[in-house]
Amino acid sequence: MARPDAADWLRAMNKEMASQQANQTWQLVKQQGWMRVLPGKWVFKTKRGADGSILKHKARFVIKGYRQVEGVDFDDSFAPDVTQGTQRVLLSVAAARGWELQQLDVETAFLNAPVDEGRLVYCQQPPGFETGQGLVCQLDKAVYGLRQAPRAWYQHLTQQLGLIGFTASAADPCLFSLRSGKQPVVHLMVYVDDIILASPSSTAIAAVKQQLQQVFSLHDLGPAASFLGMRITRNLEAGTLKLDQQQYIEQMLDRFSMTAANGRVLPMTPGTRLVKEGSPLDSSSAHRYRELVGALLYASTCTRPDIAFAVGQLSRFMQAPTQQHQQVAFGLLRYLKRTAEMGLVYSRSSSPQLQGDADYAGDPDSMRSTTGSVFVLNGAAVTWRSKLQTTVAASTTEAEYQAAAAGTKEALFLRKLLHELDAGCDPIPILCDNQGAVALIKNPVESHRSRHTAVAHHISRERMVRGEVVFSHCPTAEMVADALTKPLSAQLFVACVRGMGVG
């Protein structure tokens, strides 16, 4: 209240209290000695748009849920969120088919959901808005901060969507579809209180909005422009959709004092091999390193598969980072400085294709290999992975065979999701640049070189026989997933980045 913009925050607090009262969130009762009364606090946030401009001042009364005891104050707390893969697949299909994309925001979403666990929950009155003497709030709705609040909101949302006619996806419980006779299909994707509607018909979307507004208080944000910090840019004439995090990356550069740094062409110098040994960082620098890797991780999993390998490497040394790890991390920031505006560009250009690769014994400390896979749909990557394998491979063929098994699991998820979006493809093509691995998948030969392979890795062979996936050999020079297994030269790296649709 001592800030120059105190009036804005006071309006936000009053609006929050009005929402609490409108939703009949609690009732005031006399405090008794046997009651477990949870404390609460105000949380303030400036909500910004894709261009960084201030959209609104947001105040939220939040319960200190960390004081709750499982089995006493609540039972279950799990609530699903839409996966990043589902987000990108839906946007990719929408770009390829020219679908309408509209965005909604549910006001005070959790306050719509009843607390229904058979347990009475009490909390203090919001600071600055206390009334009466010795009164506390007996909660009827899921106030923010409660451990069970996300679960209560998801169950309530699912119930209301079901009454409208939506059914949840078998591939992702946060993707819903409305199919009504000959009417155009409407897909609804939700992340907590952020909703994206996708449909070939703007009239169908308008009808769904009208039905939702009868149940919830909504902000109609119009055409989707920003989702979870990712900017959505559409060119309807060209049929393209770009997903980028330029604002997030620029904020990260400013946070780590790298705005004036010189850019670089590669995220990681070819030949770089990170090891545990080295000059350790002091506690302050080590904490800063962990903050940096966490910030990089969000970019690498949302819109930047080109840095996924480098971030995966850096993430292996969070407990005891060294000078070498810090130097590589800041080198990666210099690469992002040069390429901040780059993102995934979807179009109407291609059918689905998954590429898998492995770098044999690439980790010098454990001698385990790194699996890399990328699934390209409509011109750009929708899912990707760069992960250290769980066991040591005895040969390059075995390493690639393990990578093929991981890729097959991802392909099965995507196959199910694409069928629900009426964009199915059977079988899903998977490319591998190791002829020995492809031969082992197609021909179940048992020999002293392969008989020790874990049963879990034979999933590729079984699913190919069932016609769900098909494996083909791909020359190493054309393997896009190569950038997810090792540092490459500039020429090869640029080719892989283009193949992943990053531009």
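Reading guide: rules and limits
Residues numbered from 1 in each chain as written. Predicted model: local features only at pLDDT ≥ 70, side-chain atom pairs only at ≥ 80, totals over all residues. Heavy atoms only, no water. Helix = DSSP H or I, 4+ residues; strand = E, 2+ residues; numbered from the N terminus. Buried < 20%, exposed > 50% of the residue type's maximum accessible area, 1.4 Å probe, protein only. Contact = heavy atoms within 4.5 Å. Areas by Shrake-Rupley, 256 points an atom, 1.4 Å probe, with all protein chains shown as cover. Disulfide = S-S within 2.5 Å. Core = buried A, V, L, I, M, F, W, Y, C linked by side-chain atoms within 4.5 Å. Pairing = 2+ DSSP bridges. Axes fitted to C-alpha atoms, helices over the stretch in contact; angles between N-to-C directions.

Colleague: Explain the overall build of the chain here, please?
Modeller: Helix and strand content of the chain: 12 helices and 21 strands. Among the 503 residues that make up the chain, the fraction classed as buried is 51%. Of the contacts made within the chain by residues no fewer than 6 positions apart, 74% connect residues no fewer than 24 positions apart. Looking at the chain as shown, the accessible area adds up to about 22,700 Å², and 51% of this sits on carbon and sulfur atoms.

Colleague: Would you take a moment to explain the state of the cysteines for this structure?
Modeller: The term disulfide refers to a covalent linkage connecting the sulfur atoms of a pair of cysteines. Applying the stated criterion across every chain, the model contains 0 disulfides. Sulfur of Cys137: no disulfide; nearest cysteine sulfur belongs to Cys123 and is 4.3 Å away. The structure places no disulfide on Cys174, whose sulfur is separated from the nearest cysteine sulfur, that of Cys302, by 16 Å. Judged by its relative accessible area of 2%, Cys174 is buried.

Colleague: What is the right way to read the nonpolar core from this model?
Modeller: Note that soluble globular proteins tend to have their nonpolar side chains buried in a common cluster. Counting 139 residues, the largest nonpolar core has Val89, Phe166, Leu188, Leu296, Leu314, Leu333 and Val374 as its most contacted members. Per element, the largest residue contribution to this core is 8 residues, and it comes from helix H6 (residues 283-302). Ignoring anything within four residues of it in the chain, the contact list for Phe166 reads Leu161, Phe176, Ser177, Leu178, Val186, Leu188 and Val208.

Colleague: Would you take a moment to explain the environment of Leu139 for this structure?
Modeller: Relative to the assigned elements, Leu139 resides in strand S7 (residues 135-139). Judged by relative accessible area, Leu139 falls into the buried class, the value being 5%. As a C-alpha pair, Leu139 and Glu398 span 259 residues in sequence and 57 Å in three-dimensional space. Each residue touching Leu139, except ones within four places of it in the same chain, is listed here: Thr25, Trp26, Val121, Cys123 and Leu146.

Colleague: What is the right way to look at the sheet that holds strand S12 (residues 218-223) in this model?
Modeller: Pairing between the strands of a sheet is mediated by backbone hydrogen bonds and can be parallel or antiparallel. A sheet is described by the order of its strands in space; here 6 strands give the open sequence S8-S9-S10-S11-S5-S12, paired in antiparallel fashion. Single-partner strands in this sheet number two, and they are strand S8 (167-168) and S12. Where strand S10 (residues 186-191) meets strand S11 (residues 194-199), 5 bridges bridge the pair, whose relative direction is antiparallel. Note on S11: the bridge partner recorded for Leu188 is Leu197. Sheet strands in contact with helix H2 (residues 84-97) are strand S5 (100-106), strand S9 (175-178), S10 and S11, and its direction is about 150 degrees off that of S10.

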